[in-house]
Structures are given as C-alpha cells and as structure tokens.
2 protein chains.
Amino acid sequence: MPTRPRPADLKLTGLTGTLRCCQLFTGLSAEDLGIIAGFTIVQKLAKDDYLFREGEQSRGLYLVQSGAINVHRVNVAGKEQVIHIFRAGESFAEAALASPTGYPADARAVEPSTVLVIPKAPILELIGRRPDLALRMLGSMSSHLRVLVGMLDDLTLKDVETRMLNWLVKHSRAARGGSIHLPGTKRVLAAELGTSSETLSRTLGRLRDRKLISVSGKVIAIHDLPALQAMLRRNLGET
Amino acid sequence: MPTRPRPADLKLTGLTGTLRCCQLFTGLSAEDLGIIAGFTIVQKLAKDDYLFREGEQSRGLYLVQSGAINVHRVNVAGKEQVIHIFRAGESFAEAALASPTGYPADARAVEPSTVLVIPKAPILELIGRRPDLALRMLGSMSSHLRVLVGMLDDLTLKDVETRMLNWLVKHSRAARGGSIHLPGTKRVLAAELGTSSETLSRTLGRLRDRKLISVSGKVIAIHDLPALQAMLRRNLGET
DNA sequence: GGGTCGCCTTGTCCTGGATCAAGGAATTCC
DNA sequence: GGAATTCCTTGATCCAGGACAAGGCGACCC
C-alpha cells in the first residue's frame, strides 16, 4: 500500500527533514531536496511485512523514517542470517539501483515502520546530473561494504562468547548510559551472531553470573565495560 | 616500486586493451580510455607482496593485468579470511575511493602479478564529469556486495562437507572440462571455506573414496557432478 | 479466571571439527 | 646433488555448541 503524497497533503518539513537527516543527502541544496521529495513515495509497513525479497527488481532506494528494517539473507539451507537492521535516518539498497539481477537479500519490518521509497529512474537521473551525489552514493555503499566485511570478522571468530563480547563492546559505545536496548527478540540477536537462542541465553547467563552485565527483557545493562574488553582481549589472545 | 610509464615507453595497445577488457570500462570512448591510460600507473608485485593493507588511505582503484590478488581480512583474533581472489581483468577497491577510513581489507599477490593503479584524484574527477562512469562504479560495487553477501551464505552453512559441495558445484560450472584448477594452495581454499587444511583434506578424501572426484595436486576433477548436486541437496534437506 | 501462544531459560546428550602430532610428498634454495 | 621449507595427509583426542526436550514466564484474548 504505497501512497503517493500529493503536494496538498505533503508535510514538506517532515519529508525534507527526514531526507536532510539522511547521511546520503546532507549538504544537498534545498532545491535538490525538493526535487527528491517530489518523487518520493511514503510506504507504511506492519510488523513482519516484507519490503522486498531477494531477486526482485529494484524499485529504488530506501530511507527509514521510523521503525526498523531487518535486511537478511536466507541461505540455501533456509537459515536466515541477519545482515543489518536499519533504523530511522538510515538508507539502504543503493547497490541494487545499478544491479541487473535485483536485490541480493530480503528486507522485512521488525516492527511497524515507515520508509521513504526513492524511485530508481528519477534518482538515477539526478545522480547523472549531480556528480557529488554519485560520490555520496559510492561513499554510502562503501560503508555498507565495510559493515559486511565487519560481519565476516564476527562470523569467523570461533567462540560464541567472543562474538558476544565483541558485539557488546561494539554496541555499548553507541548505547545510552551503559544500557543496550535490543532491536528485536533475543532469537534475532542470536541469528545475527550466528548461533542459537539457547546458546545465546547461556552465554549471557554466564556474563550475568560474573556481574559484568545484567539482562532484563530487551535491555542489557553493561556493568563493567573494562572487564568485558579485557575478557575479549584475553579470548582473542588465546589463538 | 610503482613505475610511472612515460608516453614513450608506454605500450598503449596493451594498456588500453587491458582497460577496455575490464567490466568497469567497457563501452567507454577511446578518448576517455586514453585519458585514463594517461594517469594509470603500472605496478609489479612479487609473490606475497602486499598491494595495500587495511586502514591505509586509498591510492586509487586497481585492475589486475596478470597474476592474482588475494583480498582478505584479518579478524581481531588474527585469523585470515579470504574475501576474494581477483584475477586478470578484474577491478577492485572501488569502494575505498569514497571512504574516509581507508581500505577495509588487505590485498596481497598470490603469485607474481601486474596491477594497474588508477589514482584516486583523477578518476574521481573523471567520474564527476562522466555520470555513466559513476553508474558503472555503482554497478561494480554492487556486484562486490553480492559476492560478500554470497560469502555469508557459505559461512553460515554448518557442515564443512556442505560448504565444500557448494563450492565444487559452483565452481564446476565455470570450470573447463570438468576439472577445477585451484587458484592457490589447499590451505587458502580451506581459509576461503572457513575451515582448516586438515578438515579440508579429510573432506576431499571422503569424496574421493566415493569416486565422485579425484584430486591431483592443484587440480580437482569432477567425475559425477549430478551425484555431487544430489548430495548437496540431501545435506541441505536435512535442516 | 483459564487457555493459548510465543519467548526465554535450563538440562542432557552427542557429534563435527579444531587442534596437536607425526610422517610423507613436493618445492625451493644453495 | 642434498638440505631446508612448505604443503599435504592421516591418526588420535577433546570440547564447544547444536539439537531436542521440558518447564517458567509473560502477554493477550475470551
């Protein structure tokens, strides 16, 4: 149910505001933002709705306005590997714009979400006329590549405990006041770490026993970050 | 030891020929190719020479003229994960052009190699003037993304045997006459499959015992592709 | 209230594969 | 040529963690 906003009911501040906040478009002229807003489509998704599936032709690029989109990959064995969960202000699927073979992954709403769809044809046309926009796209894709490459690191870390520690340390940086709020269920986190929910539970339990963290519902409180880091380093050292 | 060719000793046919063969530049005008050739640097690498290392600032993008370049990632634990081995005609490191944080991986010559270095500044400038080149870069990066995403599939397949079968089936398509010639040592293949050389050896041994393949040095001969495929499907089915 | 459903936790079992070790084959070096 | 490496293979051991099962704890609905 994509709705194409007509100028009359378009809350321009909201739309261009979201566009401006996006890494991809910061610094663009108000005029260009207006052009983009002009052909942007607002799409609402219920929890678990698919935004797109692997192999589908690109409709355009996406910008999360609210909610969270789980971009994941289902391997030949049917196992789902979370690639990234995109939240408000983040853009994705730039790569597919120029890909003849469609999306390389699936995207599904983790929770009720609103995404801006910036259709393929007009944005490609604009890229053609705004070289700096092209460079920005390259930059954005390069950071996505970086994320993927970072995932390889995680997946090749043997221990689940080590991956967990790595994840905790990485996310506690960005977290408010020493607490990490989980985006999805613990099972999703387990998938992201490439393990089962049982093992995740045990691993968190062990850390809790040592008073390094405490877990309550979807909130993980970090009690002793230095100790976690030390533990991570020790685990890594034992190669 | 990068050598900057002067017009005099520059074999233009060789250079522009290589450029033209590259996916990235096919279809560009002779004039543009000439411009690119004009600032291209030829660099020779001995076996095991590093072309760049993680974190270094981008010098430009690379095009393999001969030999093979192993782009890999060393995770925090020191384990090396092969991302891809680039061979003649392939380009890489486009992503780093627009990245402020330098290369996200290491690149090392598997064997004596020659690469063309297309320096960052002039190629960025040219991209600014040739929007279609920008789109091509996007396309190229999107196919690299695809490769990475594909690697996730492999790494999340639990069995080494299954990953091996997957690899064999995938590569036998591209292989000449039912034989696959390994790019590097078996240890490198093991790394690519995310396992140890011992386990790889055992796995290949088991397949050999069943007369499905035979292994001789760096050549793997596929005897019964349908059986391999059936076995793969069976392994996957048991999820 | 009680029933249903999804999520999390804990217990038990068992296997795939990492690791160590050692011997053979193939390369490279002098 | 032989020595020195590096690579490959096979054997033996051992443990992380996946799979299954069962029980607890919400949340939601009627």
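Basis of the calculations
Residues numbered from 1 in each chain as written. Chains lettered and ligands numbered in written order. Predicted model: local features only at pLDDT ≥ 70, side-chain atom pairs only at ≥ 80, totals over all residues. Heavy atoms only, no water. Domains from an automatic or database assignment. Contact = heavy atoms within 4.5 Å. Buried area = accessible area lost by both parts, 1.4 Å probe. Salt bridge = Lys/Arg side-chain N within 4 Å of Asp/Glu carboxyl O. Polar contact = N/O pair within 3.5 Å; in protein donor to acceptor, adjacent residues only side chain to side chain. Near = heavy atom within 4 Å. Helix = DSSP H or I, 4+ residues; strand = E, 2+ residues; numbered from the N terminus. Least-squares fit on C-alpha atoms with pLDDT ≥ 70 in both. Buried < 20%, exposed > 50% of the residue type's maximum accessible area, 1.4 Å probe, protein only. Arc of directions from axis to C-beta. Axes fitted to C-alpha atoms, helices over the stretch in contact; angles between N-to-C directions. Parallel < 35°, antiparallel > 145°, perpendicular 65-115°, else oblique. Left-handed = near helix turned anticlockwise from the far one by under 90°. Nonpolar A, V, L, I, M, F, W, Y, C, P; charged D, E, K, R; others polar. Phe/Tyr/Trp six-rings, centres within 6.5 Å; stacked < 30°, edge-to-face > 60°. Lys NZ or Arg CZ within 6 Å of the ring centre and 35° of its normal.

Draft legend 1. Structural detail: the domain arrangement of chain A. Residue and element names in this part refer to chain A. Here chain A is partitioned into domain 1 (7–137) and domain 2 (160–235). With eight residues of domain 1 at the contact, the number on the domain 2 side is six residues. Buried area between domain 1 and domain 2, summed over both chains or domains, comes out near 520 Å², and the portion from carbon and sulfur atoms is 60%. Together, Gln81, Val82 and Ile85 form the three largest contributors to the area buried by domain 1 at its contact with domain 2, with a combined 56%. One can count zero salt bridges joining domain 1 with domain 2. Where domain 1 packs against domain 2, one counts zero residue pairs in polar contact (both at pLDDT 80 or more).

Draft legend 2. Spotlight on the protein's contact with DNA strand D. Val160, Thr195 and Thr199 of chain A together with Lys186 and Arg202 of chain B are the nearest of the 14 residues found near DNA strand D. One of the side-chain N or O atoms of Thr199 of chain A is found 3.1 Å from a phosphate oxygen in DNA strand D. Between DNA strand D and Lys186 of chain B, the relevant distance is 2.9 Å, taken from a phosphate oxygen to a main-chain nitrogen or oxygen of the residue. Only helix H8 (197–209) of chain A together with helix H7 (186–192) and helix H8 (197–209) of chain B provide two or more residues apiece to the surface near DNA strand D.

Draft legend 3. Geometry of the relation of the copies chain B and chain A. After a rotation of 180° and a shift along the axis of 0.1 Å, chain B superposes on chain A with an RMSD of 0.2 Å. On this basis, the relationship between the two copies can be described by a two-fold rotation axis.

Draft legend 4. The arrangement of helix H4 (residues 120–129) of chain A in detail. Residues of H4 of chain A that are buried: Ile123, Leu124, Leu126 and Ile127 of chain A. Viewed along the axis of H4 of chain A, the buried residues span an arc of 160°, placing them on a single side of the element.

Draft legend 5. Looking closely at the packing of helix H5 (residues 131–156) of chain A against helix H5 (residues 131–156) of chain B. Relative to each other, H5 of chain A and H5 of chain B sit at 15°, their axes nearing to 10 Å. Taken together, the axis directions place H5 of chain A and H5 of chain B in an arrangement best described as roughly parallel. Regarding H5 of chain A and H5 of chain B, the two cross each other, and that crossing is left-handed. Here Ala134, Met137, Leu138, Met141, Ser142, Leu145, Leu148, Val149, Met151, Leu152 and Leu155 of chain A of H5 of chain A lie close against H5 of chain B, whose contacting residues are Ala134, Met137, Leu138, Met141, Ser142, Leu145, Leu148, Val149, Met151, Leu152 and Leu155 of chain B. Split by residue class, the contact of H5 of chain A with H5 of chain B holds 20 nonpolar, two polar and no charged.

Draft legend 6. Up close: the packing of aromatic side chains. Evaluated as defined, the whole model comprises 12 aromatic pairs over all chains. With centroids separated by 3.8 Å and ring planes inclined at 15°, the aromatic side chains of Phe52 of chain B and Tyr103 of chain B adopt a geometry described as stacked. Separated by 51 residues along the polypeptide, Phe52 of chain B in strand S3 (residues 50–52) and Tyr103 of chain B in the loop between helix H3 (94–97) and strand S8 (106–109) bring together distant segments of the chain. With a centroid separation of 5.6 Å and an interplanar angle of 25°, the aromatic rings of Tyr62 of chain B and Phe92 of chain B are classed as stacked. Pair noted here: Tyr62 of chain B is in strand S4 (residues 60–66) and Phe92 of chain B is in strand S7 (residues 91–92), with a separation of 30 residues, a long-range link. Of the two residues, Tyr62 of chain B and Phe92 of chain B, neither departs from the other in class, the shared state being buried. A network of ring pairs unites the aromatic residues Phe52, Tyr62, Phe86, Phe92 and Tyr103 of chain A as a single cluster. Its guanidinium or amino end placed over the ring of Tyr50 of chain A, Arg53 of chain A lies 3.7 Å from that ring's centre, counting from NZ or CZ.

Draft legend 7. Structural detail: the environment of Arg210 of chain B. Residues and elements named next belong to chain B. If you trace the backbone, Arg210 turns up in the loop between H8 and strand S11 (213–216). Between the C-alpha atoms of Arg210 and Asp224, which are 14 residues apart in sequence, the distance is 10.0 Å. Beyond its immediate stretch of four places on either side in the chain, Arg210 contacts Glu161 and Met231.

Draft legend 8. Seen up close, the side chain of Ser58 of chain A. Residue and element names in this part refer to chain A. The residue Ser58 is located in the loop between strand S2 (50–52) and strand S3 (60–66) in this model. Judged by relative accessible area, Ser58 falls into the buried class, the value being 9%. A distance of 3.3 Å separates a polar side-chain atom of Ser58 from the backbone nitrogen of Gly60.

Draft legend 9. Layout of the protein's contact with DNA strand C. Neighbouring residues of DNA strand C: 14 residues in total, closest Lys186 and Arg202 of chain A together with Val160, Thr195 and Thr199 of chain B. At 3.0 Å, a side-chain N or O of Thr199 of chain B approaches a phosphate oxygen of DNA strand C. At a separation of 3.1 Å, a base oxygen of DNA strand C approaches a polar side-chain atom of Arg202 of chain B. Elements represented by at least two residues in the surface near DNA strand C include exactly helix H7 (186–192) and H8 of chain A together with H8 of chain B.

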